[in-house]
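Residue-level structural notes
Now for the letters of each chain:
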Amino acid sequence: MAQESDRSLVQRLLEETGITEEQALELISLLGANWSSLLREAKAIKDKLQPPEPPP
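Below is a summary of the structure that appears in this document. The structure presented is a predicted model; accordingly, all values stated were derived computationally and were not measured.

Time to look at the overall build of the protein chain. Counting its regular elements, the protein chain contains three helices and zero strands. From first element to last, N terminus to C terminus, the protein chain shows the α and β order α-α-α. Within the protein chain, buried positions represent 23% of all 56 residues. Counting only carbon and sulfur atoms, one obtains 53% of the accessible surface of the protein chain, whose full area is about 4,400 Å².

Below is the structure:
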C-alpha cells in the first residue's frame, strides 16, 4: 500500500513540476509524503536546472 501511495506522489510531482522520476523518488525518501515540502523542493530543483533568462 505504501508503494502505491509513493507511486501516485511520484506521478503528481512529475506532472506538476516536471522533475524526473528519480528526483521525485529521492525527495519522497528524504521528506516522506508531506506534499507541501515535496512541492517546494521539487520546484527548487526545477528552478536550479533552468538557465536564467537573458536581460532584455
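Moving on from the coordinates now.
With that settled, the discussion passes to helix α3 (residues 35–49). Spacing of three or four residues puts side chains on the same side of an α-helix, whose turn is 3.6 residues. Counted at 1.5 Å a residue, the expected span for α3 with its 15 residues is 21 Å, and the 21 Å between its end C-alpha atoms agrees. Within α3 the residues assigned to the buried category are Trp35, Ser37, Leu38, Leu39 and Ala42. By the N-cap criterion, in which a side-chain oxygen at the helix start approaches the backbone nitrogen of a residue two or three places on, α3 is capped by Asn34, the distance to Ser36 being 3.2 Å.

Turning our attention to the environment of Trp35. Examined against the element boundaries, Trp35 turns out to sit in helix α3. In this structure, the C-alpha to C-alpha distance between Trp35 and Leu9, residues 26 residues apart in sequence, is 8.1 Å. The contact partners of Trp35, leaving out residues within four places of it in the chain, are Leu9, Arg12, Leu13 and Glu16.

What follows is about the side chain of Thr17. Summarising the element assignment, Thr17 is placed in helix α1 (residues 2–17). A polar contact is formed between the side chain of Thr17 and the backbone oxygen of Leu13, at a distance of 2.5 Å. With residues up to four places along the chain from it excluded, the contact list for Thr17 reads Leu39, Ala42, Lys43 and Lys46.

Membership of the largest hydrophobic core is limited to eleven residues, which are Leu9, Val10, Leu13, Ile19, Ala24, Leu27, Ile28, Trp35, Leu38, Leu39 and Ala42. When residues of this core are traced back to their parent elements, those giving at least two are α1, α2 (21–31) and α3. Counting residues per element, this core draws most heavily on α3, at four residues.

Buried within α2 are the following residues: Ala24, Leu27 and Ile28. Considered in projection along α2, the buried side chains sweep an arc of 100 degrees and stay on one side of the axis. Seen from the buried face of α2, the exposed residues on the opposite side, beyond 90 degrees, are Glu22, Ser29 and Leu30. One or two positions beyond α2, positive phi appears at Gly32, with a value near 80 degrees.

Parameters and conventions
- Just so you know, the residues in each chain are numbered from 1, in the order the chain's sequence is written.
- Where totals are concerned, whole chains, interfaces and linings use all residues; where local detail is concerned, this predicted model gives features only for residues with pLDDT of at least 70, and gives and counts side-chain atom pairs only at 80 or more.
- Only hydrogens and water are set aside when side-chain values are computed; all heavy atoms of the structure are taken into account.
- Only DSSP runs of H or I covering at least 4 residues are called helices, and only runs of E covering at least 2 are called strands; the numbering of each starts at the N terminus.
- Exposed residues in this analysis have more than 50% of their type's maximum accessible area, buried residues have under 20%, and partly exposed residues fall in between, with area computed by a 1.4 Å probe over protein chains only.
- Per-residue and other accessible areas were derived by the Shrake-Rupley procedure at a 1.4 Å probe size, with only the shown protein chains allowed to occlude residues.
- Each residue after the first adds 1.5 Å to the expected span of a helix.
- Polar contact is defined as a pair of N or O atoms within 3.5 Å, subject to the rule that within protein one atom must be able to donate a hydrogen and the other to accept it, and that residues adjacent in sequence are counted only when both atoms are side-chain atoms.
- Whether two residues are in contact is decided by their heavy atoms, any of which lying within 4.5 Å being enough.
- Within this scheme, the nonpolar core is defined by two criteria: the residues are buried Ala, Val, Leu, Ile, Met, Phe, Trp, Tyr or Cys, and they are joined through side-chain atoms within 4.5 Å.
- The directions considered for the arc run from the helix axis to the C-beta atoms.

Taken by themselves, the reported measurements are silent on function.
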